[in-house]
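# Remarks on the overall topology
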Amino acid sequence: MGAIRDPFGTTETLMGKYGEDSKLIYDLADQGGEQLSLRYDLTVPFARYVAMNKVRQIKRYHIDRVYRRDQPAMTKGRYREFYQCDFDIAGEYDSMIPDAECVRIVYEILMGLKLENFVVKVNNRKLLDGIFASCGVPEEKFRSICSSVDKLDKMKWEDVCKEMIEKKGLDKDKADLIGCYVNQRGGKELVEALMSDSLLKSQKSAQEGLEEMQRLLQYCEHYGVLDKVSFDPGLARGLDYYTGPIFEAVLTGNPEEGDEPSVGSVAGGGRYDNLVGMFDPRGPKVPCTGVSIGIERLFSIIESRARASKDQKVRTKETDVLVASGQKGFLEDRMKICSVLWNADIKAELFYKECSKLLSQFQYCETEGIPWVVVLGEEERAKGAVCLRHVVSRVEEMVQLDSLVDELKKRLKK
């Protein structure tokens, strides 16, 4: 399967699937007056693709742009146009196995980027709906109350509670009861405690959600990621299409103490079993689960970490070797050596001038993080050799031309 390239969707297709976040969708009309919108995420277009092409099973990843009508905040990794990387698994499978793999994927990415201070919060929409029902919330208000709970990572519980009462019309005693559940955090023990809760015992949805959480945490333990997973009954994920497990990765630590800066969640996703059916109601049911990685937010963190590093020079390009000379008449020699290095798959470049000051070329390597310089001069030419200079240590060594490739490969491996 290739990438789903179309950045547009009809407004009708996109609306009604993102809850209160629908206000962040870019609306526009084409020249014929058809109402279109820029895609908010990669999940809805994927579900539409699965439905329209009668796909029964697929496992895919997709990196592309998405758009939000939001207030940009560069330092927090918030943009109006940005890249996401999605991993999705569609098809009928045994419960929680694909979902646990999505959690493992997030774990591998963040550990691979050495962003080791993080937690993957997990919850279940079935459990949330069961909590709301047991607290006396009318069913028609479930999604509205869910969107308020979703703000717990940005607002204090008191403010969330006030919003539910004053803006959503919920009774105070019901809001307070919700708070008793959504402000808890834990692991397997908390799942077991909630399974024995007198109010939740009578809610089929809550019990189904807790059984799925129990199984998900068990599989996460088998995958070796449980130490980074937290069961969070207050995690809501505001999008309306989620139907089961949901997860969100956030960085932990204190930026003032040199830890990673706070940019909100860096990954999030969940199960959306009914979304494909919205595009093909008469077609087969295709359950799906997936996760989105916030590429731009991760880049913001990595760039911030690189700027703060005093011990490590940031490389701005992949070039490993600059072929240089400070004397006239060596352009052809530099070109020939570059050709030899390129043929050996060594990343090399040269200045696009017949002659440049050698000091300028050394400074260029220091600025760009190029580790090695091959220096040519009259003395080296007479000996059939070059001067190999290590940029950081400034140590120089005479190397014969016919052994240059081997010597460079040996040093680059180190």
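Right above here is the structure, for reference.
What this report covers is the structure whose coordinates are included nearby. (Residues numbered from 1 in each chain as written. Predicted model: local features only at pLDDT ≥ 70, side-chain atom pairs only at ≥ 80, totals over all residues. Heavy atoms only, no water.)

### As for the overall build of the chain
When its secondary structure is counted, the chain shows 15 helices and 15 strands. Within the chain, buried positions represent 49% of all 414 residues. Here the contacts in the chain between residues at least 6 apart in sequence split such that 66% fall between residues at least 24 apart. Counting only carbon and sulfur atoms, one obtains 49% of the accessible surface of the chain, whose full area is about 21,500 Å². (Helix = DSSP H or I, 4+ residues; strand = E, 2+ residues; numbered from the N terminus. Buried < 20%, exposed > 50% of the residue type's maximum accessible area, 1.4 Å probe, protein only. Contact = heavy atoms within 4.5 Å. Areas by Shrake-Rupley, 256 points an atom, 1.4 Å probe, with all protein chains shown as cover.)

### Describing the nonpolar core
The nonpolar side chains of soluble globular proteins are, as a tendency, buried together. In this structure, Val120, Phe132, Ile178 and Phe231 are the most contacted members of the largest nonpolar core, which totals 59 residues. Considering every element that reaches this core, the biggest residue donor is helix α3 (residues 97-112), with seven residues. Ranked by size, the runner-up nonpolar core spans 20 residues in total, among them Val44, Phe46, Tyr241 and Ile246. (Core = buried A, V, L, I, M, F, W, Y, C linked by side-chain atoms within 4.5 Å.)

### A word on the pairing of strand β11 (residues 321-325)
Of all the five residues making up β11, five are buried; the element is thus mostly covered by neighbouring parts of the structure. Here β11 shows a buried face lined by Val321, Val323 and Ser325 and a second buried face lined by Leu322 and Ala324. With three bridges connecting them, β11 and strand β12 (residues 348-350) associate as parallel partners. Each bridged residue has a counterpart across the sheet, and for Val321 the counterpart in β12 is Ala348. In terms of strand pairing, β11 meets strand β13 (residues 372-376) through five bridges, oriented parallel. The partner of Ala324 across the bridge, within β13, is Val375. (Pairing = 2+ DSSP bridges.)

### Concerning the sheet that holds strand β8 (residues 245-251)
Taken together, the seven strands give an open sheet; going across it, the order is β4-β5-β10-β9-β8-β6-β7, and neighbouring strands pair in mixed fashion. Each of the sheet's edge strands pairs with one partner strand only, and the pair in question is β4 (58-67) and β7 (229-231). Neighbour-to-neighbour, the strand axes of the sheet open up by a mean angle of 20 degrees, direction not taken into account. Both strand β6 (residues 118-124) and β8 contribute to a ladder of seven bridges, which runs antiparallel. By the bridge assignment, Asn124 is partnered in β8 with Pro245. (Axes fitted to C-alpha atoms, helices over the stretch in contact; angles between N-to-C directions.)

### Examining the pattern of salt bridges
Enumeration according to the criterion identifies 28 salt bridges in this entry. A salt bridge links Lys174 to Asp171; the shortest N-O distance between them is 3.7 Å. Here Lys174 falls in the partly exposed class, since its relative accessible area comes to 23%. Note on Asp171: relative accessible area 42%, which makes it partly exposed. Measuring nitrogen to oxygen at the nearest pair gives 2.4 Å for the salt bridge that ties Glu221 to Lys188. Within this pair, whereas Glu221 is found in helix α9 (residues 204-222), its partner Lys188 is found in helix α8 (residues 188-195), the two being separated by 33 residues in sequence. Salt bridges sharing common partners tie together Glu397, Glu407, Lys410 and Arg411. (Salt bridge = Lys/Arg side-chain N within 4 Å of Asp/Glu carboxyl O.)

### Overview of the side chain of Ser147
Within the secondary structure, Ser147 is located in helix α5 (residues 142-149). Side chain to side chain, Ser147 and Lys168 meet in a polar contact 3.2 Å long. (Polar contact = N/O pair within 3.5 Å; in protein donor to acceptor, adjacent residues only side chain to side chain.)

### Some remarks on the packing of aromatic side chains
One pass over the full model with this rule turns up six aromatic pairs. Taking 6.2 Å as the distance between ring centres and 65 degrees as the angle between the ring planes, the aromatic pair formed by Tyr107 and Phe118 counts as edge-to-face. Highlighted residues: Tyr107 in helix α3 and Phe118 in strand β6, separated in sequence by eleven residues. Taken together, Tyr241, Tyr242 and Tyr272 form an aromatic cluster joined through their ring pairs. A cation over a ring is seen here: Arg68 above Tyr40, with NZ or CZ 3.6 Å from the ring centre. Directly above the ring of Phe118 sits Lys228, whose terminal nitrogen or CZ lies 4.9 Å from the centroid. (Phe/Tyr/Trp six-rings, centres within 6.5 Å; stacked < 30°, edge-to-face > 60°. Lys NZ or Arg CZ within 6 Å of the ring centre and 35° of its normal.)

### Regarding the sheet that holds strand β14 (residues 385-390)
On the basis of which strands lie adjacent, the open sheet formed by five strands has the order β12-β11-β13-β14-β15 and mixed pairing. A single partner strand is all that each edge strand has here, and the edge strands are β12 and β15 (396-400). Adjacent strand axes in the sheet meet at a mean angle of 30 degrees, parallel and antiparallel pairs treated alike. Summarising the sheet, β13 and β14 pair through four bridges and their orientation is antiparallel. By the bridge assignment for β14, Val374 is matched with Leu388. Most of the contacts of helix α15 (residues 404-413) go to β13, to which it runs at about 155 degrees, and overall it touches β11, β13, β14 and β15.

### Some words on the environment of Arg215
Within the secondary structure, Arg215 is located in helix α9. Overall, the relative accessible area of 30% leaves Arg215 in the partly exposed class. Residues within four places of Arg215 in sequence aside, it is in contact with Ser95 and Met96.

### Focus on the side chain of Thr43
Within the secondary structure layout, Thr43 lies in helix α2 (residues 43-52). Here the side chain of Thr43 touches Asp86 through a polar contact of 3.5 Å, side chain to side chain. Once residues lying within four places of it in the same chain are set aside, the contact partners of Thr43 are Asp86, Tyr241, Tyr272 and Leu275.

### Remarks on the packing of α5 against helix α6 (residues 157-166)
Interhelical geometry of α5 versus α6 gives an angle of 155 degrees and a closest axis separation of 9 Å. Relative to α6, the element α5 lies roughly antiparallel. Seen along the crossing, α5 lies across α6 with a hand that is right-handed. In this structure, α5 uses Ile145, Ser148 and Val149 to contact α6, whose residues at the interface are Val160, Glu163 and Met164. By residue class, the composition of the contact of α5 with α6 is four nonpolar, one polar and one charged. (Parallel < 35°, antiparallel > 145°, perpendicular 65-115°, else oblique. Left-handed = near helix turned anticlockwise from the far one by under 90°. Nonpolar A, V, L, I, M, F, W, Y, C, P; charged D, E, K, R; others polar.)

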